Amino acid sequence: MLKIRLSRAGRKHVPFFRIVLTEHRQSAKHGYQEVLGHYNPITKELDIDMDAANNYVANGAQYSDSLKKILQKSGHLAS
């Protein structure tokens, strides 16, 4: 099953996340198939290709719980 989830990047104490498409058993850091966007939790900046994400979700992929919360707060995803 494919998951759309966060993969941590950035340095120590300065988190930065890539939004990646990955197989649910693979590591999000090294096993991803495609980068769909990024999220900066310090500035709350969110950049995601919603067309591609919606296409993957329509074909059976699921959002991770943490990413789903972030998308709902930002208004990109309906409750």
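These lines cover the structure that appears in this document, whether it is placed above or below.

About the cut-offs
- Residues numbered from 1 in each chain as written.
- Predicted model: local features only at pLDDT ≥ 70, side-chain atom pairs only at ≥ 80, totals over all residues.
- Heavy atoms only, no water.
- Helix = DSSP H or I, 4+ residues; strand = E, 2+ residues; numbered from the N terminus.
- Buried < 20%, exposed > 50% of the residue type's maximum accessible area, 1.4 Å probe, protein only.
- Polar contact = N/O pair within 3.5 Å; in protein donor to acceptor, adjacent residues only side chain to side chain.
- Contact = heavy atoms within 4.5 Å.
- Lys, Arg positive; Asp, Glu negative; His and termini not counted.
- Salt bridge = Lys/Arg side-chain N within 4 Å of Asp/Glu carboxyl O.
- Pairing = 2+ DSSP bridges.
- Axes fitted to C-alpha atoms, helices over the stretch in contact; angles between N-to-C directions.
- Patch = residues over 30% accessible without salt bridge, like charges linked within 9 Å, V, L, I, M, F, W, Y side chains within 5 Å.
- Areas by Shrake-Rupley, 256 points an atom, 1.4 Å probe, with all protein chains shown as cover.
- Charge placed at Lys NZ, Arg CZ, Asp CG, Glu CD.

## Focus on unusual backbone geometry
Across residues other than glycine, the phi torsion is negative in most instances, and most of the peptide bonds are trans.
Link 1 in the chain: A positive phi angle, near 70 degrees, is found at His13, a position not held by glycine.
Link 2 in the chain: Its place among the elements puts His13 in the loop between strand 1 (2-11) and strand 2 (14-23).
Link 3 in the chain: Judged by its relative accessible area of 69%, His13 is exposed.
Link 4 in the chain: Unusually for a residue other than glycine, Lys44 sits at a positive phi of about 65 degrees.
Link 5 in the chain: You can see Lys44 is positioned in the loop between strand 3 (32-40) and strand 4 (45-48).
Link 6 in the chain: With a relative accessible area of 58%, Lys44 lands in the exposed category.

## Here's the deal with the side chain of Thr22
Link 1 in the chain: Relative to the helices and strands, Thr22 resides in strand 2.
Link 2 in the chain: What makes Thr22 buried here is its relative accessible area of 0%.
Link 3 in the chain: Here Gly31 takes part through its backbone oxygen, which lies 3.2 Å from a polar atom of the side chain of Thr22.
Link 4 in the chain: Contact partners of Thr22, with chain neighbours within four places excluded, come to Met1, Leu2, Lys3, Arg5, Ser27, Gly31 and Tyr32.

## Description of the side chain of Arg5
Link 1 in the chain: For Arg5, the location among the structural elements is in strand 1.
Link 2 in the chain: Despite its burial, Arg5 pairs with no opposite charge, the nearest such side chain being Glu23 at 9.3 Å.
Link 3 in the chain: Among the polar contacts listed, one links the side chain of Arg5 to the backbone oxygen of Gln26, at a separation of 2.3 Å.
Link 4 in the chain: Other than its neighbours up to four places away in sequence, Arg5 contacts Arg18, Ile19, Val20, Thr22, Glu23, His24, Gln26, Ser27, Ala28, Ser64 and Leu67.

## Some remarks on the sheet that holds strand 3
Link 1 in the chain: Pairing within the open sheet is mixed, and its five strands lie in the order 4-3-2-1-5. Both outer strands of the open sheet, strand 4 and strand 5 (62-63), are each paired with one neighbouring strand and no more.
Link 2 in the chain: Sheet topology places strand 2 next to strand 3; six bridges connect them, and they run antiparallel. Following the sheet pairing, Val20 is matched in strand 3 by Val35.
Link 3 in the chain: On the sheet, helix 2 (residues 65-74) packs against strand 1, strand 2, strand 3, strand 4 and strand 5 and is oriented at approximately 85 degrees with respect to strand 1.

## Looking at a negative patch on the surface
Link 1 in the chain: A contiguous patch of negative charge on the surface is contributed by Glu34, Glu45, Asp47, Asp49 and Asp51.
Link 2 in the chain: Among the secondary structure elements, Glu34 is positioned in strand 3.
Link 3 in the chain: Overall, the relative accessible area of 30% leaves Glu34 in the partly exposed class.

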